[in-house]
Amino acid sequence: MDSDSQIPVFQDEGSSSLSSMFGTIQIVFVMISLLVGGIILLGNLAYFIEELLGMTLVPPAFLGNWAIQGLLILVLALFLLRTNAGVMERVPDAFSSSFYLNLFMIVVYLTMGTLGLAMASIVVIQLILMLLPGVRYYWWVEFVEDTKPRVKETRFTLHLVRKSPLVVVGIAIIVFMVSVALAAPMLATYKGEDMVFKDVRLPPGSPSNDIKLNYLYYLNQRTYDPTIMPQYKYEELTITSKYLETVEIPRIFIGVSDLDTKTDAVSVNVTFRVYNLTQAQYEPMTPAERLSYLYANVSVVDQNLLQYITLPDKEGVYVWELQFIAAYKTTTWSANTRVVLAYYSNYPIHIWGTDNYGGDIYSRIIWASQQDLRIALSVVLVALSSGAVIGAVSGYYGGKLDELVMRVTDIFFAFPGLVLAMAIVMALGVRSLTTISIALMITWWPTYARLVRGQVLSEREKLYIEAARSSGASDSRILFSHILPNTIQPVIVQATMDFGSVILVAAGLSFIGFGPPVGTSEWGMMIARGQNYILSSPWMTLYPGLAILVTALAFNLVGDGIRDILDPKLRRR
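Owing to the predicted nature of the structure, the values given are computational and were not obtained by experimental measurement.

1. A look at the overall build of the protein
Line of reasoning, step 1. When helices and strands are tallied, the protein shows 20 helices and 8 strands.
Line of reasoning, step 2. Counting every position in the protein, which comprises 573 residues, the buried fraction comes to 45%.
Line of reasoning, step 3. Excluding contacts between residues fewer than 6 apart, the proportion of contacts in the protein whose partners are at least 24 apart in sequence is 79%.

Okay, here's the thing in structure tokens:
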């Protein structure tokens, strides 16, 4: 059955009301998205002000991880707000634009945990409404007709990509590096900031000279409040070979502090016991029967109980028991309680060696991939978005505005990019990855402004633009719906190649001392820390240098390939 037979051939009141419902839901979603994106960007601005001025603003910690998502949400929400006006007027193109924008919004929100999942579910509801027959009436036929040639062209483009082995290799490397960055918590054997100071400049494959102290929390309630006295808690504790890797014997810590009976003047006995029993054996026994299996017992009355109990140096199963006993029942007594297993384990082998502070090179390169790719993505997105809008407006309207914009870009181009970025970092006065990103955003936008301006100048006088003007289209509609989509190809090529360039410049800033503080995982910083030991410990600079080389090369290969693929003169050869 073809698509035309599935679409009503007449408009009824039900279709109109359903379409209005979709438009209303979308405008509410847009307002919520603008609020979410604004809060995220304000939170990140607060973080930056806190770093710059040394203030303590204490925004929610998770906002710092969503800076790029917040920016994308704001941009997409503004576009949705614009297209929603066309939706309310039943313009087919507006429905198609909303469909694509909602798909992008789902992708962005799915990277934001539980909040993003909730927001993505609202977008899915909107897409379902769009696909109902009453709403499909207004846009589906035109959408299908418009999509057919695009799908055909996309298939041909993918065919050309497959015929270019260098592009395929570049895409494979980029996918690999992005996957490594996303899976860093699972792939890295150490955290990015971990320093094992006894492992200074160990060669690749060396075991650690130190052992690691680990804590496993069984109970960690800062305000443990028994509802009635007496009361006790218990849990099974299993000692396996994992806890016996080293000669140090595992210990269990009991911490009961800040005893407070509040308004009840009651004496409280705190007792902690360890039994050589399984939980299945422990539960049916009476307290008297358990005493014959007692391994350790500590107790205090009206005092803090803070003590380590050394466990046997062998595998086994135990039950710990924490008792609170009072002379009479009370509901006001409270305390801070902790039951923690402390054990030692061997640090993992340093696959690619360590640096001069004992940082694991392999783990730091993996964690640094997150930082450097995030810088590249944020800089390119912001520079492209701002530069494209400025260049498009400048080229379309011309005159004094165009002259002013071009003279400003000339000022930026008069300085070498790296020198200008250094000056901006110095002016901001804060050494951080955020400062580097801001400096590169300010440095990079003129490239896109000039590129887009040139494309707009060549497009604005063409016949299809004159036809749009004669049909009564507004300047903003002509600019953003007709001209910019037809100038996107060189922008895509430039943006792809700029990913590699941004990574190189960011690493260069870190290398010469304008990067983040010591201890931050970043490729340029790692090379800077290893330059003094390049002969005695070459692995300190070799591996991060290869990471920069491979990543930048991959983006350049893809950029060159896309330029050839999108070139109309070469495309049909």
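Alright, that's what it looks like, and here's the rest.
2. Comments concerning the nonpolar core
Line of reasoning, step 1. One finds L440, W444, V502 and W523 to be the most contacted residues of the largest nonpolar core, which totals 56 residues.
Line of reasoning, step 2. Sorting elements by how many residues they give to this core places helix α11 (residues 361-397) first, with 12 residues.
Line of reasoning, step 3. Residues in contact with W523, not counting those within four places in the same chain, are M177, I365, A368, S369, D372, I503, P544, A547, I548 and T551.
Line of reasoning, step 4. Counting 33 residues, the second-largest nonpolar core is a separate cluster that includes F29, L80, A120 and L129.

3. Notes on the pattern of salt bridges
Line of reasoning, step 1. Inspection of the entire model under this criterion finds 9 salt bridges.
Line of reasoning, step 2. The salt bridge involving R407 is made with E403; its shortest N-O contact spans 2.5 Å. Placement of both R407 and E403 in helix α12 (residues 399-413) is noted, with a separation of 4 residues, approximately one turn of the helix.
Line of reasoning, step 3. A relative accessible area of 45% means that E403 is categorised as partly exposed.
Line of reasoning, step 4. In this structure, the salt-bridge partner of R450 is D410, at a minimum N-O distance of 2.4 Å. Within this pair, whereas R450 is found in helix α14 (residues 433-459), its partner D410 is found in helix α12, the two being separated by 40 residues in sequence.
Line of reasoning, step 5. For R450, a relative accessible area of 35% puts it in the partly exposed group.
Line of reasoning, step 6. Salt bridges linked by common partners bring E403, R407, D410 and R450 together as one network.

4. Things to note about unusual backbone geometry
Line of reasoning, step 1. Phi is positive for R201, close to 50°, though the residue is something other than glycine.
Line of reasoning, step 2. Structurally, R201 can be placed in the loop between α8 (184-187) and β1 (211-224).
Line of reasoning, step 3. Using a relative accessible area of 32% as the deciding quantity, one classes R201 as partly exposed.
Line of reasoning, step 4. A positive phi angle, close to 55°, is found at D302, a residue other than glycine.
Line of reasoning, step 5. Structurally, D302 is set in the loop between β5 (294-301) and β6 (305-310).
Line of reasoning, step 6. By relative accessible area, which is 43% here, D302 ends up partly exposed.

5. A look at the packing of helix α18 (residues 523-530) against helix α19 (residues 539-566)
Line of reasoning, step 1. In contact at an axis separation of 8 Å, α18 and α19 are set at 150° when each is read in the N-to-C sense. Viewed along their axes, α18 and α19 adopt a mutual orientation that is roughly antiparallel. Considering the relative orientation of α18 and α19, their crossing is left-handed. Residues W523, G524, M526, I527, R529 and G530 of α18 form the contact with α19, whose own contacting residues are M540, T541, P544, G545, A547, I548 and T551.
Line of reasoning, step 2. Partitioned by chemical class, the residues of the contact of α18 with α19 number 7 nonpolar, 5 polar and 1 charged.

6. Focus on the packing of helix α13 (residues 417-428) against α14
Line of reasoning, step 1. Here α13 crosses α14 at 130°, and the two axes come no closer than 9 Å. Of the possible angle classes, the one that applies to α13 and α14 is oblique. The two elements α13 and α14 cross, and the hand of that crossing is right-handed. Residue-level inspection shows G417, L420, A421, I424, V425 and L428 of α13 in contact with α14, the latter providing T435, I438, A439, L440, I442 and T443.
Line of reasoning, step 2. Its residues placed into classes, the contact of α13 with α14 shows 9 nonpolar, 3 polar and no charged.

7. Digging into the confidence of the model for the protein
Line of reasoning, step 1. Per-residue confidence for the protein averages 83 on the pLDDT scale, and 90% of its residues sit at or above 70.
Line of reasoning, step 2. Here helix α20 (residues 568-571) is the element of the protein with the lowest mean pLDDT, 59, and helix α9 (residues 279-282) is the one with the highest, 92.
Line of reasoning, step 3. This stretch, residues 1-11, has a pLDDT under 50; its non-local contacts, to residues over four places away or in other chains, come to 16 contacts.

8. Considerations on the packing of aromatic side chains
Line of reasoning, step 1. All told, the structure shown has 17 aromatic pairs when counted by the stated rule.
Line of reasoning, step 2. Ring centres 6.2 Å apart and planes at 65° place the aromatic pair F29 and Y109 in the edge-to-face group. Of this pair, F29 sits in helix α1 (residues 13-53) while Y109 is found in helix α3 (residues 92-109), placing the two residues 80 residues apart along the sequence.
Line of reasoning, step 3. Seen from their ring centres, F499 and F555 are 5.1 Å apart, and the 15° between their planes marks the pair as stacked.

9. Topic: the side chain of Q323
Line of reasoning, step 1. Relative to the assigned elements, Q323 resides in strand β7 (residues 316-326).
Line of reasoning, step 2. One polar contact links Q323 to E321, side chain to side chain, over a distance of 2.8 Å.

10. Observations regarding a nonpolar patch on the surface
Line of reasoning, step 1. On the surface, L542, L546, L549, V550 and L553 cluster together into a nonpolar patch covering about 410 Å² of accessible area.
Line of reasoning, step 2. Summarising the element assignment, L549 is placed in helix α19.

11. Side note on helix α7 (residues 165-182)
Line of reasoning, step 1. Here α7 contains 18 residues, and its C-alpha end-to-end distance of 26 Å stays within 8% of the 26 Å for a straight helix at 1.5 Å per residue.
Line of reasoning, step 2. Every buried residue of α7 is accounted for by V167, G170, I174, M177, V180 and A181. Projection of α7 onto a plane perpendicular to its axis shows the buried side chains occupying an angular sector of 155°, all on one side. In α7, the exposed residues that point more than 90 degrees away from the buried face are P165, F176 and L182.
Line of reasoning, step 3. Buried residues belonging to α7 abut α6 (140-163), α8, α11, α18 and α19.

12. A closer look at the environment of P92
Line of reasoning, step 1. Position of P92 relative to the elements: it lies in helix α3.
Line of reasoning, step 2. Sequence separation between P92 and V141 is 49 residues, and the spatial gap between their C-alpha atoms is 9.0 Å.
Line of reasoning, step 3. Beyond its immediate chain neighbours, meaning those up to four positions away, P92 contacts Y138, W139 and E142.

13. Notes on the environment of Q26
Line of reasoning, step 1. Within the element layout of this structure, Q26 appears in helix α1.
Line of reasoning, step 2. Residues Q26 and N84 lie 58 residues apart in sequence; the distance between their C-alpha atoms is 7.3 Å.
Line of reasoning, step 3. Sequence-distant contacts of Q26, defined by excluding residues within four places in its chain, comprise L80, T83, N84, V87, S98, N102 and Q126.

14. Topic: α18
The periodicity of an α-helix, 3.6 residues per turn, causes residues three or four positions apart to be oriented the same way.
Line of reasoning, step 1. The buried count for α18 comes to 8 of 8 residues, which makes it a mostly enclosed element.
Line of reasoning, step 2. Taken together, the buried positions of α18 are occupied by W523, G524, M525, M526, I527, A528, R529 and G530.
Line of reasoning, step 3. For α18, the elements touching its buried residues are α7, α11, α17 (488-511) and α19.
Line of reasoning, step 4. Structurally, the start of α18 carries an N-cap: the backbone nitrogen of G524 is 2.8 Å from a side-chain oxygen of E522.

Conventions adopted
- Residues numbered from 1 in each chain as written.
- Predicted model: local features only at pLDDT ≥ 70, side-chain atom pairs only at ≥ 80, totals over all residues.
- Heavy atoms only, no water.
- Helix = DSSP H or I, 4+ residues; strand = E, 2+ residues; numbered from the N terminus.
- Buried < 20%, exposed > 50% of the residue type's maximum accessible area, 1.4 Å probe, protein only.
- Contact = heavy atoms within 4.5 Å.
- Core = buried A, V, L, I, M, F, W, Y, C linked by side-chain atoms within 4.5 Å.
- Salt bridge = Lys/Arg side-chain N within 4 Å of Asp/Glu carboxyl O.
- Axes fitted to C-alpha atoms, helices over the stretch in contact; angles between N-to-C directions.
- Parallel < 35°, antiparallel > 145°, perpendicular 65-115°, else oblique.
- Left-handed = near helix turned anticlockwise from the far one by under 90°.
- Nonpolar A, V, L, I, M, F, W, Y, C, P; charged D, E, K, R; others polar.
- pLDDT = per-residue confidence, 0-100.
- Phe/Tyr/Trp six-rings, centres within 6.5 Å; stacked < 30°, edge-to-face > 60°.
- Polar contact = N/O pair within 3.5 Å; in protein donor to acceptor, adjacent residues only side chain to side chain.
- Patch = residues over 30% accessible without salt bridge, like charges linked within 9 Å, V, L, I, M, F, W, Y side chains within 5 Å.
- Areas by Shrake-Rupley, 256 points an atom, 1.4 Å probe, with all protein chains shown as cover.
- Expected span 1.5 Å × (residues − 1).
- Arc of directions from axis to C-beta.

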